[in-house]
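Coordinate analysis (summary)
Listed here are the chains, written in short residue letters.
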Amino acid sequence: MPRVPGTRTGRNAELGLLAFAMIIVALYGAIVEANQLGKITTTFWVPAALLSILFLGLHLVVRFTAAWADPVLIPAVALINGLGVGFLRRLDIARTISKKLPEPGVFSGIGGRQLAWTLVALILAAVLLLIVRDHKAVSRYAYTLGLVGIVLVMIPAVLPASMSEINGAKLWIKIGGFSLQPGEFAKLALVSFFAFYLVRKREVLSLASRRVLGIDFPRGRDLGPVITVWLLSLLVLVFEKDLGTALLYFGLFVVTLYVATERASWLIIGLVMFFGGVYVAYLLGASVGGPFANFYDRASIWLDPFAPQYVSNEGYQLVQSLLGLGTGGLFGTGPGAGSPGFVPEVQTDFIFAGMGEEIGLFGLSALLVVYLLIVERGLRAAILVRDSFGKLVAGGMAFTLGLQVFVILGGITGLIPLTGQTTPFLSAGGSSLMANWLLIAMLLRISDAARKPATGGPAAQAGGPKQPPAQLHGAMTEVIKP
Amino acid sequence: MPEFVLTVARFGFLILLWIFVFTVVGVIRKDLFAGVRSKSIVATPRGVGGGVVPQGRPAKAKRGKAARQLVVTAGQLAGTRITLGEAHITIGRAEDSTLVITDDFASARHARLVPRDGQWFVEDLGSTNGTYLDRGKVSGPTPVPLGVPIRIGRTSLELRP
């Protein structure tokens, strides 16, 4: 933890970058209209302007409540979010053209809905920043959060299929015309719980261990609760037929453990367990079927999406995605000039494929680097922040984001078997957007604590009367008395 | 819309995306080196004189007087540097310490460093295993000369100019 007190808060740099990002979003909208409609309407800038107002609002909240927060996070995420809205609006325009309707208004269609969800997500993020002034306070509710996480994961499994199933995956709560994906929020709650628990048990986990085959294993009783949480969410997820999320939780669990104990053996154990589990699931799927049949199908499609039995039905989506990316080539067909309509679910899971066709490898890799930078800033906050809880939460959250991008991008490019995941900030969908913006708000809060210089804080009253030490929330450190 | 304009827009958009990426990297780079640049701006202990280091002149010029950095020389955090300001520095295992050390022999609130008139004092905060300045146990506020190790458990710290 080299603490280098920065002298600049970076807020002005953030504002500048934000303006830059919004110019790119507005330009994207203009090119889409030029390609789709053959002209640029007088209202092409409206979505970008509305987004600018929203992000400006968040920027102001950050300026007043987390002045030292990382300056890169908001603009980078805003760019991706803005391009997502732009791409969804592009799909709306394409749909109205094919139906010979007038061009869609700013607030209509999935693009308009995404705009509204962005508003809600940003309000939530701002509220989180306003309420949680110190990320350590979250650890006080760690057990509650753990419980909330499990309940959120379990609700869709318990609900009847009519209230929880969309496209064969039982991971929704549908009330009226409203649908919510509780697993996205469970992710955040579980990170906080894992972080809290592992901070408390860190010493025990890395000191008291049994050595088996040169690898240190912790005692079972120390690990019990976390294993329980993990198994429970995993079991539920297998029954909810969503392996992508299961992989996400498992990766999250292993990485948090690794960060907490600094033992690479955890990564080895995790990878072996994961690949072993996947292989067993594949074999079970081939012979027994049942809950594993779904996974077996996906693995077979992944191995050969162009096989005659898959190419026009189960494998159609992946094949179209690969063809789309191939059509795009190095520089893409240009925003609005491709035909993403061929890819089913292009607005959610396959948004990368649709965008990739239009912006090409060159543009897609720029987007990926932006994701990489977001994750890097999260990990940086984890390295800089001084308390272990903050480190684990920031590290875990940044890693979750990265893993999620990997899982979905690997899926649509045929690198790994496809598992349904939303692309953070890009895909249509309120739950994903809200949860990921909350995650960013938490990262902002932690990076604020990390970058704030030591002078100026409450510790600055040097030489003053001796004050009792600030209360620790719960016992975050255990004093070992010899 | 002429084909030419669309082609320019298409490539212009991609180039703009990458310019954004490099601008972001530029901001991060500035952030990384903020500490190096900030040396002249971070408040130095009183009595150092202005607290402004002339550009290009290393702090070495004021030899023997001002401590600017606290460096961890041994233990798990070896290599960690803290730029000293006017605030006191608390050392211990507690999460809200300035320097959080994960040392089995350190207490939650082990010791603190306090600046007074340009001189830093080390003070033990009732730790279980004690704080040592070089070889001697610290009982009350003790002035810390530059380069003399403060030992806490397995961790060793030094003030550096």
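These numbers were taken from a predicted model, which means no experiment stands behind them.

Basis of the calculations
- Residues numbered from 1 in each chain as written.
- Chains lettered and ligands numbered in written order.
- Predicted model: local features only at pLDDT ≥ 70, side-chain atom pairs only at ≥ 80, totals over all residues.
- Heavy atoms only, no water.
- Helix = DSSP H or I, 4+ residues; strand = E, 2+ residues; numbered from the N terminus.
- Buried < 20%, exposed > 50% of the residue type's maximum accessible area, 1.4 Å probe, protein only.
- Contact = heavy atoms within 4.5 Å.
- Areas by Shrake-Rupley, 256 points an atom, 1.4 Å probe, with all protein chains shown as cover.
- Axes fitted to C-alpha atoms, helices over the stretch in contact; angles between N-to-C directions.
- Parallel < 35°, antiparallel > 145°, perpendicular 65-115°, else oblique.
- Left-handed = near helix turned anticlockwise from the far one by under 90°.
- Nonpolar A, V, L, I, M, F, W, Y, C, P; charged D, E, K, R; others polar.
- Pairing = 2+ DSSP bridges.
- UniProt positions renumbered as here; feature names shortened; annotations may be inferred.
- pLDDT = per-residue confidence, 0-100.
- Lys, Arg positive; Asp, Glu negative; His and termini not counted.
- Salt bridge = Lys/Arg side-chain N within 4 Å of Asp/Glu carboxyl O.
- Polar contact = N/O pair within 3.5 Å; in protein donor to acceptor, adjacent residues only side chain to side chain.

Moving on: the overall build of chain A. Of regular secondary structure, chain A possesses 15 helices and six strands. Expressed as a percentage of the 482 residues in chain A, the buried residues total 55%. If you take every contact in chain A between residues at least 6 apart in sequence, the share linking residues at least 24 apart comes to 73%. When the accessible surface of chain A is totalled, it reaches about 19700 Å², and 69% of it is carbon and sulfur.

Residues and elements named next belong to chain A. Here N294 is to be found in helix α11 (residues 293-303). N294 gets classed as partly exposed once you look at its relative accessible area, which sits at 29%. It is 9.5 Å that separates the C-alpha atoms of N294 and D242, two residues lying 52 residues apart in sequence.

Once that is clear, we can look at the packing of helix α2 (residues 46-65) of chain A against helix α3 (residues 73-98) of chain A. Residue and element names in this part refer to chain A. Put simply, α2 and α3 touch, their axes get as near as 11 Å, and they point 155° apart. In this view, α2 runs roughly antiparallel relative to α3, as classed from their interaxial angle. Along this stretch, α2 crosses α3, giving a crossing that reads as right-handed. Between α2, through P47, L51, F55, L58 and V62, and α3, the contact on the second element is made entirely by I74, A78, N81, G82, V85 and R89. For the contact of α2 with α3, the class distribution of residues is eight nonpolar, two polar and one charged.

Here the focus is the sheet that holds strand β10 (residues 150-152) of chain B. Residue and element names in this part refer to chain B. Strands sit in the order β2-β1-β11-β10-β7-β8 across an open sheet of six strands; the sheet is antiparallel. In this open sheet, the two edge strands, each paired with only one partner strand, are β2 (81-83) and β8 (136-137). Where strand β1 (residues 69-74) and strand β11 (residues 155-160) come together, five bridges link them in antiparallel fashion. Counted as the bridge partner of V72 is L157 from β11.

So, about the environment of L27 of chain A. Relative to the assigned elements, L27 of chain A resides in helix α1 (residues 11-37). Spatially, the C-alpha atoms of L27 of chain A and L83 of chain A are 10.0 Å apart, while their sequence positions differ by 56 residues. Not counting residues within four places of it along the chain, the set of residues in contact with L27 of chain A comprises F13 and L16 of chain B.

The residues that UniProt annotates with the feature "transmembrane region" (unreviewed entry) are residues 6-28 of chain B. Between the first and last C-alpha atoms of residues 6-28 of chain B the distance is 33 Å; the span itself is 100% helix and 0% strand.

Quick look at the sheet that holds strand β5 (residues 111-116) of chain B now. Residue and element names in this part refer to chain B. The strand order β4-β3-β5-β6-β9 describes an open sheet built from five strands, whose pairing is mixed. Because the sheet does not close on itself, it has two edges, and the strands there are β4 (99-100) and β9 (142-143). Sheet analysis places strand β3 (residues 89-92) next to β5, joined by three bridges and oriented antiparallel. Within β5, the position partnered with T90 by the bridge is R112.

Residue and element names in this part refer to chain A. Inspection of the secondary structure puts T118 in helix α4 (residues 109-131). When its relative accessible area of 0% is taken as the criterion, T118 is described as buried. Residues contacting T118, with those up to four places away along its chain left out, are L51, L54, F55, N81, V85 and L433.

This paragraph deals with the pairing of β3 of chain B. Sheet topology places β3 of chain B next to β4 of chain B; two bridges connect them, and they run parallel. Of the residues in β4 of chain B, the one forming a bridge with G92 of chain B is V100 of chain B.

Moving on to the UniProt feature "domain: FHA" (unreviewed entry) in chain B. When the UniProt feature table is mapped to this numbering, "domain: FHA" (unreviewed entry) covers residues 89-138 of chain B. Taken end to end, residues 89-138 of chain B comprises 0% helix and 46% strand; its first and last C-alpha atoms sit 16 Å apart.

Residues and elements named next belong to chain B. When pLDDT is averaged across chain B, the result is 75; 80% of the residues are at 70 or more. Highest mean pLDDT in chain B belongs to helix α1 (residues 3-32) (89); lowest belongs to helix α2 (residues 34-38) (46). Contacts for the low-pLDDT stretch residues 35-64, under 50 throughout, to residues beyond four places or in other chains number 34 contacts. Interface confidence in the predicted complex, given as ipTM, is 0.84; pTM for the same model is 0.77.

Residue and element names in this part refer to chain B. Relative to β2, β1 is paired through three bridges, and the arrangement is antiparallel. The residue bridging Q69 from the neighbouring strand is T83, located in β2. Linking two consecutive strands that pair antiparallel, namely β1 and β2, is a turn of six residues; a positive phi of about 100° is found at G75 within it.

So, about the side chain of D387 of chain A. Along the chain, D387 of chain A turns up in the loop between α13 (351-384) and α14 (388-413). We note that D387 of chain A is buried and unpaired, the nearest opposite charge coming from K136 of chain A at a distance of 4.7 Å. Among the polar contacts made by the side chain of D387 of chain A, one reaches the main-chain amide nitrogen of G390 of chain A at a distance of 2.7 Å. Apart from the residues within four sequence positions on either side, D387 of chain A is in contact with H135 and K136 of chain A together with E95 of chain B.

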